[in-house]
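Structural features, examined
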Amino acid sequence: MKIAAWNVNSVRARKDRLVDWLKSAQPDVVCLQELKCQDAEFPMEAVREVGYHAVVHGQKTYNGVGILAKTEPTDVVRGLSDGVDDTHARLIAATVNGVRVVSAYVPNGQSVGSEQYEYKLQWYGRLRRYLDTRHKPGEPLVLCGDWNVAPADIDVWDPALWQGQTLCTDKERKALEHLCAFGLTDTFRKLYPAEQKFSWWDYRMLAFPKNQGLRIDHIFATAPLVERLVSAGVDRDARKGKQPSDHAPVWTEFKD
DNA sequence: ATGGTCGCGGTGCGA
């Protein structure tokens, strides 16, 4: 079972690229982030034609998350549903082949000390409570998406430059660690403790061709799935050429 | 070089 995550930065602008990648990569499950459209505008037919069901939690202009799968996702839950007054569409969950799948788009955080930065830290706490309320670490569960945190310096092209900046601050890393303390493992890092691969590059400054990136897109899994780990990677080529997203798809393969 | 580029929506904002 191959599970992937991709921040597409507008699913309508990225439709052809998404379809091409689905056809070549053949993931069983794909968690999408930053759809930037409402549910009715999602290119449902295009993904259906290449063999995928889709469940979507859309939003006009901003955010928006979805799950694509070769078999039909069931028990769909949209949002954190924790009673907080929050219009951001950043989370969707569904069950695929007995695995609970969560697609998450964590707030970017803008700049340290901003309102958005505080919202980001709180959002991490809300997601931890969501897991505590609804799930057990012994269940087969994956959380996939854009976490907007580089977990360690190895995940940053120039750690000295990024020291203390959003995506790399101690507070953000601690927030992510506290989330993972629920019982989640970073599947890529577990498989390859010393490998440096990035999933995001700034659109500016020729960051992509120079490979000046960060690893901020992750696939986290609970113990029953960690036992089944086979391989993981980043499809950097899906980012090349015309109409690239600033993120590349990341994926992890589990034994069936 | 404190800039630069995307996407949305039709201006400046979020990333």
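First things first, this report covers the structure right here in the doc. (Residues numbered from 1 in each chain as written. Chains lettered and ligands numbered in written order. Predicted model: local features only at pLDDT ≥ 70, side-chain atom pairs only at ≥ 80, totals over all residues. Heavy atoms only, no water.)

**Digging into the overall build of chain A**
To keep things clear, this is the line we draw: The helix count covers DSSP runs of H or I at least four residues long, the strand count covers runs of E at least two residues long, and both are numbered beginning at the N terminus. As a reference, a globule follows 2.2 Å times the number of residues to the power 0.38, and the radius of gyration itself is taken over C-alpha atoms. Partly exposed describes any residue whose relative accessible area lies between the buried limit of under 20% and the exposed limit of over 50%, with all areas from a 1.4 Å probe on protein chains only and scaled to the type maximum. Here, two residues are considered to be in contact whenever any of their heavy atoms come within 4.5 Å of each other. The accessible surface values rely on the Shrake-Rupley method and a 1.4 Å probe; as for residues, cover is taken only from the protein chains in view. Counting rule for charge: Lys and Arg are taken as positive, Asp and Glu as negative, and neither His nor the chain ends is counted. By convention, charge coordinates are those of NZ in Lys, CZ in Arg, CG in Asp, or CD in Glu.
Assigned secondary structure in chain A consists of seven helices and 14 strands. The C-alpha radius of gyration computed for chain A amounts to 17 Å, which stays within 12% of the reference 18 Å derived for 256 residues, consistent with globular compactness. The principal-axis extent of the C-alpha atoms belonging to chain A is close to 45 × 45 × 40 Å. Looking at chain A as a whole, 57% of its 256 residues qualify as buried. Long-range pairs, those at least 24 residues apart, make up 70% of the contacts in chain A between residues at least 6 apart in sequence. As presented, chain A carries roughly 11300 Å² of accessible surface, and 49% of it is formed by carbon and sulfur atoms. On chain A, the mean spot of the 34 positive side-chain charges and the mean spot of the 34 negative ones are 2 Å from each other.

**Here's the deal with the pairing of strand β14 (residues 250–254)**
The side chains of a regular strand alternate between both faces of the sheet. Inclusion rule: One bridge is not enough; two strands pair if DSSP finds at least two bridges between them.
Taken across its five residues, β14 has four buried, putting it largely inside the fold. Bridge analysis of strand β1 (residues 2–7) against β14 gives four bridges, and the strand direction is antiparallel. Across the sheet, isoleucine 3 pairs through a bridge with threonine 252, a residue of β14. Across five bridges, the pairing between strand β13 (residues 229–234) and β14 is antiparallel. In the sheet register, serine 231 faces β14, and the bridge partner there is glutamate 253.

**Brief notes about the protein's contact with DNA strand B**
Heads up, the condition is: Any residue with a non-hydrogen atom lying within 4 Å of a molecule or strand is treated as near it. Throughout this description, a polar contact denotes any pair of N or O atoms lying within 3.5 Å of each other; where both atoms belong to protein, one of them has to be capable of donating a hydrogen while the other can accept it, and for residues adjacent in sequence the pair is counted only when both atoms sit in side chains. For this classification, Asp, Glu, Lys and Arg are treated as charged, while Ala, Val, Leu, Ile, Met, Phe, Trp, Tyr, Cys and Pro are nonpolar and the rest, including Gly, are polar.
DNA strand B sits among 15 residues. The nearest are Ser10, Arg14, Thr61, Arg204 and Met205. Close to the protein, within 4 Å, the atoms of DNA strand B belong to sugar or phosphate groups at a rate of 65%. One of the side-chain nitrogen or oxygen atoms of serine 10 is found 2.2 Å away from a phosphate oxygen of DNA strand B. A distance of 2.8 Å separates a phosphate oxygen of DNA strand B from a polar atom in the side chain of threonine 61. Looking at the surface near DNA strand B residue by residue, the class counts come to four nonpolar, four polar and seven charged.

**Focus on the pattern of salt bridges**
We apply this condition: Each reported salt bridge corresponds to a side-chain nitrogen of Lys or Arg within 4 Å of a carboxyl oxygen of Asp or Glu.
Taken as a whole and judged by the stated rule, the model has 13 salt bridges. Here arginine 48 and glutamate 45 are joined by a salt bridge, their closest N and O atoms 3.2 Å apart. Within this pair, arginine 48 and its partner glutamate 45 are both found in helix α2 (residues 44–49), separated by three residues, close to a single helical turn. For the salt bridge of aspartate 202 with arginine 204, the shortest nitrogen-to-oxygen distance reads 2.9 Å. By relative accessible area, aspartate 202 is classed as partly exposed at 22%. Look at arginine 204 and you get exposed, because its relative accessible area is 58%. Residues joined by salt bridges that share partners form a network here, namely Asp155, Asp186, Arg189 and Arg215.

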